[in-house]
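Okay, here's what each chain looks like letter by letter:
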Amino acid sequence: MNRKGRDLAIGDIHGCFAEVKAALGMVQFDGRVDRLFCVGDLIDRGPQSDQVLEWLGEPWLHAIMGNHEQMAWRSVNGAPFDRRFHKMNGGDWLELLPANEQVAIAERLSALPLVIEVETPIGIVGLVHSDSYVDDWSELRSIDWAQLDDDHPFVRCCLWAPLRFKRQYRRVVKNVRAVIHGHVTVPGVTVLGNAFHIDTGGWMPEGHFTLLNLHTLMPELPPDTPDGSAGGKA
Ligand SMILES: [Mn+2]
């Protein structure tokens, strides 16, 4: 439990290093006490994937895997995966790097967890990129992910398939206060049951980055701005 500072969650970053840095600055993020939780898709599409990856070494940043991280490491590792698909989806920057750097990145990305839990004053909050697949969090946390194939339905759902969102399924996931997702871009934070969709498209021209405070489940606003949206692009 972080008793000294805030725990903020951010949706897909997609290489938008400068914009996220600005959004963190707006809410006076302090890496000495605050923590930032990324719900996957840190890379691809935007101009600064390599700089976003450097954040993985920071003690204040915690990230889970998104489908873009999976595409990247599977492309590099020659896993049964079509590399052209990754390039088509904004992954062309990776091929321009020297082979040894690509391998180092793949190693780092393949080690990211698919699911993490954050202990907060209001209870356990879970993070999964796309969808939690089950209605009971204790089922998800008991999974031994290392034993599952990369194409296992659980893994595919967590990374790729927002089944609940598509069906607008509102049943609460039991045994967890909230589950935070990215992957699906929404105009504003969208809550279905206790699933929070927070990718407000900061990586797109018309979107903005939302920093969801995990201790309140409210978007963090810049101080002294009654209606400010955290880090919105003007
Ligand atoms: Mn995604």
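Residues numbered from 1 in each chain as written. Predicted model: local features only at pLDDT ≥ 70, side-chain atom pairs only at ≥ 80, totals over all residues. Heavy atoms only, no water.

Structural notes on the overall build of the chain
Helix and strand counts for the chain come out as eight helices and ten strands. Over its C-alpha atoms the chain spans a radius of gyration of 17 Å, differing by no more than 12% from the 17 Å that the globule rule assigns to 234 residues. Each principal axis of the C-alpha atoms in the chain carries an extent, and together these give about 50 × 40 × 30 Å. Taking all 234 residues of the chain together, 54% fall into the buried category. In the chain, of all internal contacts separated by at least 6 residues, the share reaching a separation of at least 24 is 65%. When the accessible area of the chain is evaluated, it comes to approximately 10900 Å², of which 52% is carbon and sulfur surface. With 22 positive and 31 negative side-chain charges, the chain shows a spacing of 4 Å between the two charge centroids. (Helix = DSSP H or I, 4+ residues; strand = E, 2+ residues; numbered from the N terminus. Rg over C-alpha atoms; globule rule 2.2 N^0.38 Å. Buried < 20%, exposed > 50% of the residue type's maximum accessible area, 1.4 Å probe, protein only. Contact = heavy atoms within 4.5 Å. Areas by Shrake-Rupley, 256 points an atom, 1.4 Å probe, with all protein chains shown as cover. Lys, Arg positive; Asp, Glu negative; His and termini not counted. Charge placed at Lys NZ, Arg CZ, Asp CG, Glu CD.)

Examining the confidence of the model for the chain
Of all residues in the chain, 95% attain a pLDDT of 70 or more, and the chain-wide mean is 93. Note on residues 230-234: pLDDT is under 50 here. Beyond four places in sequence and across chains, it has 18 contacts. (pLDDT = per-residue confidence, 0-100.)

Observations regarding the packing of aromatic side chains
The relation between two aromatic rings is expressed through the spacing of the ring centres and the mutual angle of the planes. Overall, the coordinates contain six aromatic pairs when judged by the stated rule. Summarising the aromatic geometry, the rings of Phe17 and Trp55 are spaced 4.6 Å apart at their centres and angled 35° between planes, so their arrangement reads as tilted. With a gap of 38 residues between them, Phe17 in helix H1 (residues 17-26) and Trp55 in the loop between helix H2 (49-54) and strand S3 (61-63) connect regions that are remote in the sequence. On the basis of relative accessible area, Phe17 is assigned to the buried category, the value being 14%. Arranged with centres 5.3 Å apart and planes meeting at 65°, the rings of Phe29 and Trp60 form a pair that is edge-to-face. (Phe/Tyr/Trp six-rings, centres within 6.5 Å; stacked < 30°, edge-to-face > 60°.)

Quick word on a negative patch on the surface
On the surface, Asp50, Glu54, Glu58 and Glu101 cluster together into a negatively charged patch. Within the fold, Glu54 resides in helix H2. Accessibility expressed as a relative area gives 58% for Glu54, which makes it exposed. (Patch = residues over 30% accessible without salt bridge, like charges linked within 9 Å, V, L, I, M, F, W, Y side chains within 5 Å. Salt bridge = Lys/Arg side-chain N within 4 Å of Asp/Glu carboxyl O.)

What about the coordination of the manganese ion?
For the manganese ion, every protein donor is listed as Asp41 (OD), Asn67 (OD1), His129 (NE2) and His183 (ND1), and the spread of their distances is 2.1 to 2.2 Å. Classification of Asn67 as buried rests on a relative accessible area of 5%. (Donors = N, O, S within 2.8 Å, 3.2 Å for Na, K, Ca; no water.)

Description of the nonpolar core
In terms of nonpolar packing, the biggest core is built from 49 residues, with Leu36 and Leu109 touching the most fellow members. Once you skip the residues sitting within four places of it in the chain, Leu109 turns out to touch Ile43, Leu53, Leu56, Met65, Glu69, Ala72 and Trp73. Listed in part, the 15 residues of the second largest apolar core include Ile116, Leu127, Ile180 and Leu212. (Core = buried A, V, L, I, M, F, W, Y, C linked by side-chain atoms within 4.5 Å.)

Observations concerning H1
Residues three or four positions apart in an α-helix share a direction because the helix packs 3.6 residues into each turn. By the burial criterion, the buried members of H1 are Phe17, Val20, Ala23 and Leu24. Angular distribution of buried residues about the axis of H1 spans 130°; they occupy a single face of the element. Looking at the packing, one finds that the buried side of H1 touches strand S1 (7-10), strand S2 (35-38), H2 and strand S9 (211-213). One or two residues past the end of H1 sits Gln28, with phi positive at roughly 55°. (Arc of directions from axis to C-beta.)

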